[in-house]
Amino acid sequence: MTDPATNMRLKLPLTCFILEIILIVLFGVLVEYDDETDARKWHNLNHTDYDNDFYYRYPSFQDVHVMIFIGFGFLMTFLQRYGFSSVGFNFLIAAFSLQWATLMQGFFHGMHGGKIHIGVESMINADFCTGSVLISFGAVLGKTSPVQLLFMAMFEVTLFAVNEFILLSILGTRDAGGSMTIHTFGAYFGLMVTRVLYRPNLDKSKHKNCSVYHSDLFAMIGTIYLWMFWPSFNSAITAHGDDQHRTAMNTYYSLAACTLSTYAMSSLTAHDGKLDMVHIQNAALAGGVAAGTAGEMMLTPFGSMIVGFLAGIISVLGFKYLSPVLEEKLRIQDTCGVHNLHGMPGVLGAIVGAVTAAVASRDIYGKGLEDVFPLVANETRDASFQGGIQAISLAVTLGIALLGGLLVGFMLKLPIFGAPRDNICFEDSIYWEVPGEEAHHEDQLAAVTTEEATKLNS
Amino acid sequence: MTDPATNMRLKLPLTCFILEIILIVLFGVLVEYDDETDARKWHNLNHTDYDNDFYYRYPSFQDVHVMIFIGFGFLMTFLQRYGFSSVGFNFLIAAFSLQWATLMQGFFHGMHGGKIHIGVESMINADFCTGSVLISFGAVLGKTSPVQLLFMAMFEVTLFAVNEFILLSILGTRDAGGSMTIHTFGAYFGLMVTRVLYRPNLDKSKHKNCSVYHSDLFAMIGTIYLWMFWPSFNSAITAHGDDQHRTAMNTYYSLAACTLSTYAMSSLTAHDGKLDMVHIQNAALAGGVAAGTAGEMMLTPFGSMIVGFLAGIISVLGFKYLSPVLEEKLRIQDTCGVHNLHGMPGVLGAIVGAVTAAVASRDIYGKGLEDVFPLVANETRDASFQGGIQAISLAVTLGIALLGGLLVGFMLKLPIFGAPRDNICFEDSIYWEVPGEEAHHEDQLAAVTTEEATKLNS
Amino acid sequence: MTDPATNMRLKLPLTCFILEIILIVLFGVLVEYDDETDARKWHNLNHTDYDNDFYYRYPSFQDVHVMIFIGFGFLMTFLQRYGFSSVGFNFLIAAFSLQWATLMQGFFHGMHGGKIHIGVESMINADFCTGSVLISFGAVLGKTSPVQLLFMAMFEVTLFAVNEFILLSILGTRDAGGSMTIHTFGAYFGLMVTRVLYRPNLDKSKHKNCSVYHSDLFAMIGTIYLWMFWPSFNSAITAHGDDQHRTAMNTYYSLAACTLSTYAMSSLTAHDGKLDMVHIQNAALAGGVAAGTAGEMMLTPFGSMIVGFLAGIISVLGFKYLSPVLEEKLRIQDTCGVHNLHGMPGVLGAIVGAVTAAVASRDIYGKGLEDVFPLVANETRDASFQGGIQAISLAVTLGIALLGGLLVGFMLKLPIFGAPRDNICFEDSIYWEVPGEEAHHEDQLAAVTTEEATKLNS
């Protein structure tokens, strides 16, 4: 099944090689070890070994890394014949994005004498930015070529870094787990891209846009890893000490509560009370998204559970009632339902963060106020102003995501990128060598046994 | 396939919502951050960041977390048509149990001015308690509704906390890895529940109570994760420093030795020397269970390996010869063979712990005696008395587990819970929307190719 | 399908039991806790808890552990009917090898008063040595009995320890991530074994020596875990502080660059531009192998990315053009293509390490030079001499690996080991109880529905 339009023989190698060579050259010119990874600089500082940030953040980094490559990758294998692409394109665009993000974030977050300094914290941030791209990938899953995805990633990473810079550096927004910067941004960017790439005849591939039994089990690997490691995700770049500890714990309880409300809603909204794998695979994670901004704050386990509980309900309702409307009325074909998992829960998380910030006080946080709200602690602004800034940040994020998605979407419409035609979406064999079917097992055994019998008899 | 008896439309949402709302209210009233997660309290203590318990225990916590959700969840996917339920119900009851366990354990382990203080150690303990519930789940796998499971979890968590309180707080028993509190308790509780729920006509579902090729591979994901992370499990709540280090290492060697004896016994007990996946998936883990109590002690790698070696042998023999007897004579239908993986190895671990405790001395432990046997170190009791207490603790655990399982089993017999009928046990489609079969791949390719040919020709 | 020649009923149990009993006896005689795991010794040292090496290395150890058991195990499940053996034999020989390696490495790395002292660093080293055996397993995959594999493991671990001793202790070679000691050694040892075990009629099993759709997805689990945790692998035993941090980061960027060049080359070398799962599953990992020696050095992210980029290209070219030649001309039947993933990239890594060592200077490393090149720092040798030693070490490794593989290969040809015949290679059912096929799902549903209808009507 070879189609000149989707043949990647020149396009994909050229894109990969050019991008990687640009990356290597830019790294050569711009990137340096930071104080904690450079042998000379670190030893000049006379720190003890355990002061190295590696020991504070590397275990969290690895958990985040698993979420990006296993979590997102396998979550999207639910489609019956798109597993190679789900895991494989996830792998490709994540490997690209984390390099590009290192440069873009390094550029915006402050150069040191013309150089970008990198270490474990920048690696986590690069993985975070990559997560945002993968969320957008979920919206267009099955309908794009790998070259389209690489271009989308390049522009999205850039815009992500711009938005992150505006929020964290200019506005002084707090968003450790990225309810806004990662989830809201990635979701609405992706939704706009898929809106622009709307395919009126996508129902020609409808029979492949669904799962089979084992593909749903592969997807559950992704779900469970995302669920388990979300506490590490939200706490990975918070301040050392109580902040990492508290953030992880808040997220843990938010997710647990979300899981129960997800099961309840999934069963309640089915006419015969049966659970729907799509809800379990996705909505049960909404509690992690929604605890992204406020997770580092003194949200309390009680507050975290309320947030998670609501997030699960909203997310299942989104899958059940909103997604079909978005597709029919707004022409948004959202393959993985990222609006329900990342979009609405991200917005919820932003609002919860704004409210929690607005009621912060030195009474509650003590000297820890400096870690969570430094601008409130040094009295540059008061807590309610911080809350307002958080709310404004949500609007900024939505604006940049939607506008960016619009522009990138139109760019991806160019016919040169090798997108699949409507009747062969959600199909690995366009871009992958797909193995044949297994010989039926009984036949194999029979063949062997017969041969053995012959041999033993002879 | 809709059956009013097993329709969960009202039962499951109601149960989930009521339980979660109770949890949220109780968390609101009773639960507070502890000194290491509260911003104000932590900063008042003037600790350095790396003193925070998060850095000692969070990596172990995440390993335990993986064992609970991936390990147990996927270990039980071996059944051909029960993968959704295995992973999915595991997910549901674990998410519930860890919240409920936080309250129950917090209540029994000591309140602080009427409040339960929580942090990473309580999270590990909550996961441990959840593990016990999942062991019991293994005994009744395929024969219970999710509502039954939630009720079982609620009562089992409560009794687990009572038993744990009696052992650890009243008797001064040592059981860091939970050979008694987790494995023995969970196994015998579950066995008693499944005994009470005995189904004389279960052979109607016999054809589904077995594996297929790929379901066995999914189950191996669970097995391997449990095996790899068991050193983290046993060491997760031991004292900082040498204790965590030693416990992890003892468990590592116990498991390695257990694996070799498991393979040997599996091959030896098959008439044609072929390995049995059931043994490999389960018995190879018995070394972790059996090192649960003595793992933190000066068991030595040598002692650990002997324990693991024996545990593997006992476990395979149990699967091969004891389980059929239990089913036929004692009417215990133990789907996952938890008696062989958790029951007998748990008892072995308790006995090894008692013996190892009885021979402890300041000569062997030095000042470390205070960490492992505080009551022996401060001369409240001598080592042989500690050994006796350990043995008594096993009896107490067995008693509470069996009695508790009896009561809960009878409660679960009430017809209101929506248990599946005998002919549709071990079947996902009772409680889940199950996707249709995949279109045969060659057919798909043919269809696409034909269409392409048409298109290219036109 | 029972064949007396491959019946393991006596051979496998005997081998496992004898090996494990020897291990236990030797552990009893020779092995002791080290200062960080022994209760008395640790408390005598009056260290603070966080000085214990456990907190520096245990998270890395667990990542390495996952690579050994999940990474290697699942990477090899790509074969359609060899998944049980891939994961299961991987499990068995790894559990044996890590115990045997503890003894062999302990013996060569220096005894303490006639005793081998063990802790988390020796556990990592044992896992590393095991990795080398599993690489060789990849070369002979599908063509050997478990008893052959255990014997191969025993001899390979021994020779590994000899080679490692010559390099690290005698020559003063640096090879933290094992480009030479692990990858080059394991690959060329295995290639020589498979050369000696050449099967001219292996094409009788050709139809089984390939993947099916879901087996490729299982293999991707292995690939992704190896890819994610390779930074931990290379940094696991480097010096504390900046060294671990820098090594992890170098590896991270090497792998990312390698992934892009792998995708590019895979698409470029296919006549229709389609990606080949074999390349993605394997070549994308070559960047980790190639950064094994120089990863701890001041290679810079820029240098790491160049190394990874080249490794990916070399590896895909190897799979595409060299492997068929090796098989036809040199009669090397390399099932997993370990020459392309571990052999050539390992040699590349050794060369990169030699060059990077040769240009090391106090100007670049500062006081950190003592950690990375102690013999250069104390002026025992200069950097260019260190570079020369590194190059010689590659030759030594190749020599020992090839000679060792030759001897072990001939030993494994003895007919007593129960190797499968040519027509039943790559087939689980020789050594495993394999479950029957699943009843077709629609049939099941139909059966249940009919029965229900009957019941409801009655």
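Residues numbered from 1 in each chain as written. Chains lettered and ligands numbered in written order. Predicted model: local features only at pLDDT ≥ 70, side-chain atom pairs only at ≥ 80, totals over all residues. Heavy atoms only, no water.

**What about the overall build of chain A?**
Of regular secondary structure, chain A possesses 18 helices and two strands. The C-alpha atoms of chain A give a radius of gyration of 23 Å, which matches the 23 Å a tight globule of 458 residues would have. With respect to the principal axes defined by its C-alpha atoms, chain A has extents near 85 × 55 × 55 Å. Within chain A, buried positions represent 69% of all 458 residues. Look at the contacts in chain A between residues 6 or more apart in sequence, and 83% of them connect residues 24 or more apart. For chain A, the distance from the average site of its 25 positive side-chain charges to the average site of its 41 negative ones is 9 Å. (Helix = DSSP H or I, 4+ residues; strand = E, 2+ residues; numbered from the N terminus. Rg over C-alpha atoms; globule rule 2.2 N^0.38 Å. Buried < 20%, exposed > 50% of the residue type's maximum accessible area, 1.4 Å probe, protein only. Contact = heavy atoms within 4.5 Å. Lys, Arg positive; Asp, Glu negative; His and termini not counted. Charge placed at Lys NZ, Arg CZ, Asp CG, Glu CD.)

**Concerning the relation of the copies chain A and chain C**
Of the transformation placing chain A onto chain C, the axial shift is 0.0 Å and the rotation is 120°, giving an RMSD of 0.0 Å. As the rotation angle and translation indicate, the two copies are arranged about a three-fold axis. Minimal C-alpha separation from the rotation axis in chain A is found for proline 59 of chain A, amounting to 3.7 Å. (Least-squares fit on C-alpha atoms with pLDDT ≥ 70 in both.)

**Digging into the interface of chain C and chain B**
With 90 residues of chain C at the contact, the number on the chain B side is 89 residues. Here chain C packs against chain B, burying approximately 7,700 Å² in sum over the two surfaces, 68% of which is carbon and sulfur. Broken down residue by residue, the surface that chain C buries against chain B is led by Arg9, Tyr33 and Phe91 of chain C, which jointly contribute 10%. Here chain C is connected to chain B by zero salt bridges. The interface formed by chain C and chain B includes 31 residue pairs in polar contact (both at pLDDT 80 or more). Counting only elements with at least two residues in the side of chain C that touches chain B, the list comes to helix H1 (11-30), strand S1 (31-33), helix H2 (39-44), helix H3 (53-75), helix H4 (83-108), helix H5 (120-140), helix H8 (213-235) and helix H18 (441-457) of chain C. The class makeup of the residues in the side of chain C that touches chain B is 48 nonpolar, 25 polar and 17 charged. (Buried area = accessible area lost by both parts, 1.4 Å probe. Salt bridge = Lys/Arg side-chain N within 4 Å of Asp/Glu carboxyl O. Polar contact = N/O pair within 3.5 Å; in protein donor to acceptor, adjacent residues only side chain to side chain. Nonpolar A, V, L, I, M, F, W, Y, C, P; charged D, E, K, R; others polar.)

**Comments concerning the UniProt feature "domain: Ammonium transporter AmtB-like" (unreviewed entry) in chain A**
Here, UniProt's "domain: Ammonium transporter AmtB-like" (unreviewed entry) annotation points to residues 48-416 of chain A. In residues 48-416 of chain A, the share of helix is 73% and the share of strand is 1%. The end C-alpha atoms are 55 Å apart. (UniProt positions renumbered as here; feature names shortened; annotations may be inferred.)

**Structural notes on helix H1 (residues 11-30) of chain B**
The end-to-end C-alpha distance of H1 of chain B, which contains 20 residues, comes to 28 Å, matching closely the 28 Å that a straight helix rising 1.5 Å per residue would cover. Within the sequence span of H1 of chain B, burial applies to Leu12, Pro13, Thr15, Cys16, Phe17, Leu19, Glu20, Leu23, Ile24 and Phe27 of chain B. On its buried side, H1 of chain B packs onto helix H9 (242-268) and helix H12 (300-329) of chain A together with strand S1 (31-33), helix H4 (83-108), strand S2 (116-118) and helix H6 (146-171) of chain B. (Expected span 1.5 Å × (residues − 1).)

**Some details on the relation of the copies chain C and chain B**
Superposition of chain C onto chain B requires a rotation of 120° combined with a translation of 0.0 Å along the rotation axis, giving an RMSD of 0.0 Å. Interface overlap between copies: only 18% of the residues of chain C at the interface are likewise at the interface in chain B, consistent with a contact formed by different surfaces.

**Side note on the interface of chain A and chain C**
Every contact between the two is made by 90 residues of chain A and, on the other side, 90 residues of chain C. For the pair chain A and chain C, the summed buried surface comes to about 7,700 Å²; carbon and sulfur atoms form 68% of the total. It is Arg9, Tyr33 and Phe91 of chain A in chain A that bury the most area against chain C; as a group they hold 10% of the surface buried on that side. For the interface between chain A and chain C, the tally reads zero salt bridges. Along the contact surface separating chain A from chain C lie 31 residue pairs in polar contact (both at pLDDT 80 or more). Those elements that provide at least two residues to the side of chain A that touches chain C are helix H1 (11-30), strand S1 (31-33), helix H2 (39-45), helix H3 (53-75), helix H4 (83-108), helix H5 (120-140), helix H8 (213-235) and helix H18 (441-457) of chain A. In the side of chain A that touches chain C, the residues fall into 48 nonpolar, 25 polar and 17 charged.

**A word on a nonpolar patch on the surface**
On the surface, Leu10, Leu14, Ile18 and Ile22 of chain A cluster together into a nonpolar patch covering about 390 Å² of accessible area. For isoleucine 22 of chain A, the position within the fold is in helix H1. (Patch = residues over 30% accessible without salt bridge, like charges linked within 9 Å, V, L, I, M, F, W, Y side chains within 5 Å. Areas by Shrake-Rupley, 256 points an atom, 1.4 Å probe, with all protein chains shown as cover.)

**Concerning the packing of H3 of chain A against H8 of chain C**
Direction vectors running N to C along H3 of chain A and H8 of chain C enclose 165°, while the axes themselves pass 11 Å from each other. Viewed along their axes, H3 of chain A and H8 of chain C adopt a mutual orientation that is roughly antiparallel. For the pair H3 of chain A and H8 of chain C, the sense of crossing is right-handed. Residue-level contacts link Phe54, Tyr58, Gln62, His65, Val66, Phe69, Ile70 and Phe74 of chain A of H3 of chain A to Leu217, Met220, Ile221, Ile224, Tyr225, Trp227, Met228, Phe229, Pro231, Ser232 and Ser235 of chain C of H8 of chain C. Considered class by class, the residues forming the contact of H3 of chain A with H8 of chain C number 15 nonpolar, four polar and no charged. (Axes fitted to C-alpha atoms, helices over the stretch in contact; angles between N-to-C directions. Parallel < 35°, antiparallel > 145°, perpendicular 65-115°, else oblique. Left-handed = near helix turned anticlockwise from the far one by under 90°.)

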